[in-house]
Amino acid sequence: MLPPEWLIEKRTEIASTNSELMQRARAGDTRPTLLVAQHQTAGRGRLGRQWHDHTGDALMFSLGLTLEPVNWSGLSLAVGLSIANSLDPQQHLGLGLKWPNDLWLGPISNARKLGGILIETAVLAGAVQASRYVVIGVGINIHAPQVADLRMPAVGWAEVQAGASTDSVLQALLLPLVASVQRFAREGFAPLQAAYAQRDVLQGQALVLSNGLEGVGAGVDAQGVLQLDTAQGRVAVSSDEVSVRLGALA
């Protein structure tokens, strides 16, 4: 279990666990908090995308805590790596990471999305510049959502691990995740770079950025910044500038 100073809440329904904890932080409530929801009516993903869920079909939670990391860059990658290591520690199940915040399952030719991560921060009044309240939102499909307009095919963890439930998945990943986030605050992303490379589904793949730039994925650097080899040379790609999709393979 989490240390006693953590507030643990479970809601049957909520608009968004991330939005709730961000609102609390801005109102001055910065307690370390785990907020779990069975259903979100306004769940969000990166770049404002909608998160689809039905009660019991997905694990949805947000962690809120104050951090003062060496460098904020790479936090979503550290979170994804921790989750992947908890669910597929031997890498026998094909759980990979799609920069900067998605969990994919299966070979790249027919990969399906298992879940995603949404990280938001609030600057605290009177806090030192590097200190912020960070909200780490995680959504993991237990059963694949039955939605026609998904950006890519989805998969549920119950297809991989018989009997998987929201409670069992949360229990498997929660404490290692908190420890990983605290380690990230102390050491940054650099010590995780090699381990991330082992699960990087974009490495060596033809990619197209949302700004039209094309190239081949060349991994991430010590700060978790995507590297793209283009016709003009290697380019560093910041996650707040573009989105990435697979291009046509030669």
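The structure under discussion appears in the preceding block.
My aim in this report is to walk through the structure given alongside it, one point at a time. (Residues numbered from 1 in each chain as written. Predicted model: local features only at pLDDT ≥ 70, side-chain atom pairs only at ≥ 80, totals over all residues. Heavy atoms only, no water.)

Let us now look at helix α2 (residues 75-87). With 13 residues, α2 should reach 18 Å at 1.5 Å per residue; the first-to-last C-alpha distance of 19 Å fits that figure. Burial analysis of α2 places 11 of its 13 residues in the buried class, which makes it a mostly covered element. Of all the positions in α2, only L75, S76, L77, A78, V79, G80, L81, S82, I83, A84 and L87 are classed as buried. (Helix = DSSP H or I, 4+ residues; strand = E, 2+ residues; numbered from the N terminus. Expected span 1.5 Å × (residues − 1). Buried < 20%, exposed > 50% of the residue type's maximum accessible area, 1.4 Å probe, protein only.)

Right, let's get into the pattern of salt bridges. Taken as a whole and assessed by the stated rule, the structure comprises nine salt bridges. In this structure, R24 engages E9 in a salt bridge whose closest nitrogen and oxygen atoms are separated by 2.6 Å. One end of the pair, R24, is in helix α1 (residues 17-26); the other, E9, is in strand β1 (residues 7-11), and 15 residues separate them in sequence. Of the residues examined, E9 reaches a relative accessible area of 18% and is grouped as buried. For the salt bridge of D229 with R234, the shortest nitrogen-to-oxygen distance reads 2.7 Å. Judged by its relative accessible area of 29%, D229 falls in the partly exposed class. Residues joined in a network through salt bridges with shared partners are E9, R11, E20 and R24. (Salt bridge = Lys/Arg side-chain N within 4 Å of Asp/Glu carboxyl O.)

Bringing the nonpolar core into the picture now. Counting residues in hydrophobic clusters, the biggest one holds 55 residues, and the most contacted among them are F61, L63, V79, W99, I140 and V169. With nine residues, the single largest contributor to this core is helix α3 (residues 166-187). Formed by 10 residues, the second largest nonpolar core is a distinct cluster that contains M22, A37, L124 and V135. (Core = buried A, V, L, I, M, F, W, Y, C linked by side-chain atoms within 4.5 Å.)

With that settled, consider the sheet that holds strand β6 (residues 112-123). Read across the sheet, seven strands follow the order β1-β2-β3-β7-β6-β5-β4 without closing on themselves; strand pairing throughout is mixed. Across the chains shown, the open sheet's two edge strands, defined by having one partner strand only, are β1 and β4 (95-98). Direction aside, neighbouring strands of the sheet carry axes that sit 20° apart on average. Of the strands in this sheet, β4, β5 (102-105), β6 and β7 (132-141) are in contact with α2, which crosses β6 at around 140°. Along the sheet face, α3 touches β1, β2 (33-37), β3 (58-67) and β7 and points at about 25° away from the line of β3. (Pairing = 2+ DSSP bridges. Axes fitted to C-alpha atoms, helices over the stretch in contact; angles between N-to-C directions. Contact = heavy atoms within 4.5 Å.)

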